[in-house]
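What follows is the residue order along each chain.
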Amino acid sequence: MVLRKVIGTLFMLSSFNLWAEQIQLNPSHPDQYTVVKGDTLWEIAGNFLAHPWQWPQIWHNNSQIQNPNLIYPGDTIYLTIVNGQPQLSLSRGLAQEPANGTCIIKENSSLSERSQLILSEDGKLVPCIRESQSQEAITVIPLEAIQHFLSSPRVVSENELNNAPYVIDFVGEHMLAGTGDSVYVRTITQPDSLSYTIYRSGPPYVSPETGQILGYQATFIAEATLQQEGDPATLSIVKSALEVRMGDRVMDNQAEDINLNFFPHPPEESIKGNIISVLDGVTQIGRYSIVVIDKGKADGLQTGHELEVFRRGRITRDQYSAVKNDAVQLPDENAGVLMVFRPFERISYAIVMKATRAIHVLDRVQTP
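Residues numbered from 1 in each chain as written. Predicted model: local features only at pLDDT ≥ 70, side-chain atom pairs only at ≥ 80, totals over all residues. Heavy atoms only, no water.

**Considerations on the overall build of the protein**
What the protein contains, in helices and strands, is five helices and 23 strands. Within the protein, the fraction of its 368 residues that count as buried is 45%. For the protein, the share of sequence-separated contacts (at least 6 apart) that also reach a separation of at least 24 residues comes to 67%. For the protein, the accessible surface area stands at approximately 19,700 Å², while carbon and sulfur atoms represent 47% of it. (Helix = DSSP H or I, 4+ residues; strand = E, 2+ residues; numbered from the N terminus. Buried < 20%, exposed > 50% of the residue type's maximum accessible area, 1.4 Å probe, protein only. Contact = heavy atoms within 4.5 Å. Areas by Shrake-Rupley, 256 points an atom, 1.4 Å probe, with all protein chains shown as cover.)

As structure tokens, then:
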């Protein structure tokens, strides 16, 4: 799998005008914020803006900074009003002056900044130490929360499952197989790859509105390499998460280009869907939980698309009504924000970026 690793906050300027709207500041925004380790750009944007996706619209590049798209712990972000419009700018943590009178020059400071730093207030030279940038730039979203789900599990159609080769037996006297073992597989006679993944068919994803099956979860079991093609073929297991069983399905490792160079933003079209599952075996859905929604590429969803989550209003009995057993449907309530990071054809994996109240399976999602 090819992953485009986030090395900075790379903004898609060409698409900003498609989702530009009036800038709304966070009512409790600070005038400045100093970045600390563990921050993400989305979180920082939320400190200043009611809608974090508007960050690129008011981001101001400082010409004195070599690469303003890389933001590091120690950098300070300022909010100012220019010609009546809010603007965010960055001040690099360029130098600090220890008690002994020496200064520290950051690796990414400009020549003019270095010349100013080595002069004291009375015009005398101050000894300086050059410091290399050892910290990594902050990421747009918490990549560690989604890393496991970028490659597995995956979602497949019923046709893909039925046509995939499968394990029929083990080399040697084994009832199960793991790392270092070999298995026999039907049928790999014209291989397109030497690298394969063994999956186990999981539960179907079903539309809560139509009852239609949208796909099947294929749970990652092991990685294997082809030793001998044929019917049966022989595969050697090089890494396993679970023990391989007879009947497990085998799929070649097709290169999947997952683009992580994005800034979260709303879809251009109106999308309405539902949370239909939560991954990783958790039951409580909160911030940074990974969920499955019943909309995908076929509906126009792409990596980076952001949707609002609405908790479905419950039905409450009206004990004061003249109508016997009268009940009222309460309105849906805004519960948070999620972002799609891996869309499939008819469903998508998404990460909950913000949760203002408890979120549940079957809560609805929609374009902000």
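**Here's the deal with unusual backbone geometry**
Each neighbour pair has its own omega, and for arginine 186 with threonine 187 the value is -15°, a cis peptide bond. Residue placement: threonine 187 occurs in the loop between β10 (182–186) and β11 (195–206). Looking along the chain, the bond that leaves aspartate 231 and enters proline 232 is cis, with omega of 15°. You can see proline 232 is positioned in the loop between β12 (213–228) and β13 (233–240). Despite not being glycine, leucine 362 shows a phi value in the positive range, around 80°.

**Describing the confidence of the model for the protein**
Per-residue confidence for the protein averages 83 on the pLDDT scale, and 79% of its residues sit at or above 70. Confidence drops under pLDDT 50 across residues 1–19; counting only partners more than four residues distant or on other chains, this segment forms 51 contacts. (pLDDT = per-residue confidence, 0-100.)

**Here we look at the packing of aromatic side chains**
Applying the stated criterion across every chain yields a total of three aromatic pairs. The interplanar angle of 20° and the centroid separation of 5.2 Å between the aromatic rings of tryptophan 55 and tryptophan 59 together place this pair among those described as stacked. On the accessibility criterion, tryptophan 59 (11% relative accessible area) is buried. With centroids separated by 5.0 Å and ring planes inclined at 75°, the aromatic side chains of phenylalanine 344 and tyrosine 349 adopt a geometry described as edge-to-face. (Phe/Tyr/Trp six-rings, centres within 6.5 Å; stacked < 30°, edge-to-face > 60°.)

**Focus on the side chain of aspartate 75**
The residue aspartate 75 is located in the loop between α2 (55–58) and β3 (76–82) in this model. By relative accessible area, aspartate 75 is classed as buried at 3%. Among the polar contacts listed, one links the side chain of aspartate 75 to the backbone nitrogen of tyrosine 72, at a separation of 2.8 Å. A polar atom in the side chain of aspartate 75 sits 2.6 Å from the side chain of arginine 92. In this view, aspartate 75 contacts Tyr33, Thr34, Val35, Leu70, Leu90, Ser91, Arg92 and Gly93; residues no more than four positions away in its chain are not counted. (Polar contact = N/O pair within 3.5 Å; in protein donor to acceptor, adjacent residues only side chain to side chain.)

**Quick look at the sheet that holds strand β18 (residues 306–311)**
Taken in spatial order, the six strands of this closed barrel run β16-β17-β22-β21-β18-β23, and their pairing is antiparallel. Taking the axes of each pair of neighbouring strands and ignoring which way they run, one obtains an average angle of 45° across the sheet. Where strand β16 (residues 272–278) meets strand β23 (residues 364–366), three bridges bridge the pair, whose relative direction is antiparallel. Residue pairing in the sheet places glycine 273 in a bridge with valine 365 of β23. (Pairing = 2+ DSSP bridges. Axes fitted to C-alpha atoms, helices over the stretch in contact; angles between N-to-C directions.)

**Observations concerning a nonpolar patch on the surface**
Together, Tyr166, Ile168, Val171 and Tyr184 line one region of the surface with nonpolar side chains, adding up to about 280 Å² of accessible area. We classify isoleucine 168 as partly exposed; its relative accessible area is 31%. (Patch = residues over 30% accessible without salt bridge, like charges linked within 9 Å, V, L, I, M, F, W, Y side chains within 5 Å. Salt bridge = Lys/Arg side-chain N within 4 Å of Asp/Glu carboxyl O.)

**Quick word on the pairing of β11**
Note on strand geometry: in a regular strand, side chains alternate between the two faces of the sheet. As judged from the 10 bridges shared by β11 and β12, these two strands associate in the antiparallel manner. Among the inter-strand pairings, isoleucine 198 is bridged to a residue of β12, identified as alanine 222. The hairpin formed by β11 and β12 contains six residues between the paired strands, and glycine 211 there has a positive phi angle of roughly 80°. Sheet topology note: the β11/strand β14 (residues 249–252) ladder contains four bridges and is antiparallel.

**Some thoughts on helix α1 (residues 41–48)**
When you tally the buried positions in α1, you get seven out of eight residues, the bulk of the element. Along α1, the residues classified as buried are Leu41, Trp42, Glu43, Ile44, Ala45, Gly46 and Phe48.

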